[in-house]
Amino acid sequence: MQRFRSYLLAAALAVLSQAALAQTDAKPAIHIEHAFARAAPRTGGAYLTITNTGTVPDRLLAASTPVAKEAAVHESKMVNGVMTMRPRGPVTIAPGQSVALKPGGDHIMLMGLKKPLQPGESFPLTLEFEKAGAVTVAVPVEKAGAMSAPDAGMPGHSMPGMKMD
Ligand SMILES: [Cu+2]
């Protein structure tokens, strides 16, 4: 009987500590800020800052939105002075870190827009994280060529090779 009891106690402790672990691990430590998109007719880009306030890394795996047939995480690269882009793998956000998806860098590509993105509108964008799960944010549409969300202030530096008008 004594033995059975201590077995039970150990089992209960194991369940408890696992629950505690799951709680610290899993709960969304992901915050999205400064989201914006640029006005665009058929293909658009969405930009935002992801902050991980948790204690474990998380990864942005995919994106989706009702306003486009397809959304994908892209990376931008300068090739012979020309900005090119292509799909990239998951974006890792380390604990305590912020990752900015911004014009000229990693971004969310919106392909097959169901209607043009107009300045002043906003649309929902769902980001799929490995641990935090789905996080949906409202993305305001800025004018074509906008470099940052209105709440993000002006960028502190200029980017060579990019026209700012
Ligand atoms: Cu792109």
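These figures come from a predicted structure and were not determined experimentally. (Residues numbered from 1 in each chain as written. Predicted model: local features only at pLDDT ≥ 70, side-chain atom pairs only at ≥ 80, totals over all residues.)

Some points on unusual backbone geometry
As a reminder of what qualifies: Runs of H or I in DSSP of at least four residues are treated as helices and runs of E of at least two as strands, each being numbered from the N terminus.
Here H34, not a glycine, exhibits a phi torsion of approximately 55°, which is positive. With respect to the helices, strands and loops of the structure, H34 is situated in strand β1 (residues 30-38). In this structure, N80 takes a positive phi of about 50° despite not being glycine. Tracing the backbone through its elements, the reader meets N80 in the loop between β4 (68-79) and β5 (82-87).

Things to note about the pairing of strand β8 (residues 107-113)
Selection criterion: Paired strands are those between which DSSP finds at least two bridges.
Looking at chain direction, strand β2 (residues 44-52) and β8 are connected through three bridges and run antiparallel. Directly across from G44, in β8, lies its bridge partner L110. Alignment of β4 against β8, held across six bridges, turns out to be antiparallel. Within β8, the residue paired with A72 across the bridge is M109.

A look at the environment of E75
Operational definition: Counting other C-beta atoms within 10 Å of a residue's own tells you its class, since 20 or more makes it buried, 12 or fewer makes it exposed, and anything in between is partly exposed; those C-beta atoms are placed from the backbone. C-beta atoms are placed from the backbone for every residue, and two residues are taken to be in contact when these atoms lie within 7 Å.
For E75, the location among the structural elements is in strand β4. E75 sits in the partly exposed class, given 15 other C-beta atoms within 10 Å. Separated by 13 residues in the primary sequence, E75 and R88 have C-alpha atoms spaced 5.8 Å apart. Leaving out residues up to four positions away in the same chain, E75 has contacts with M85, R86, R88 and D106.

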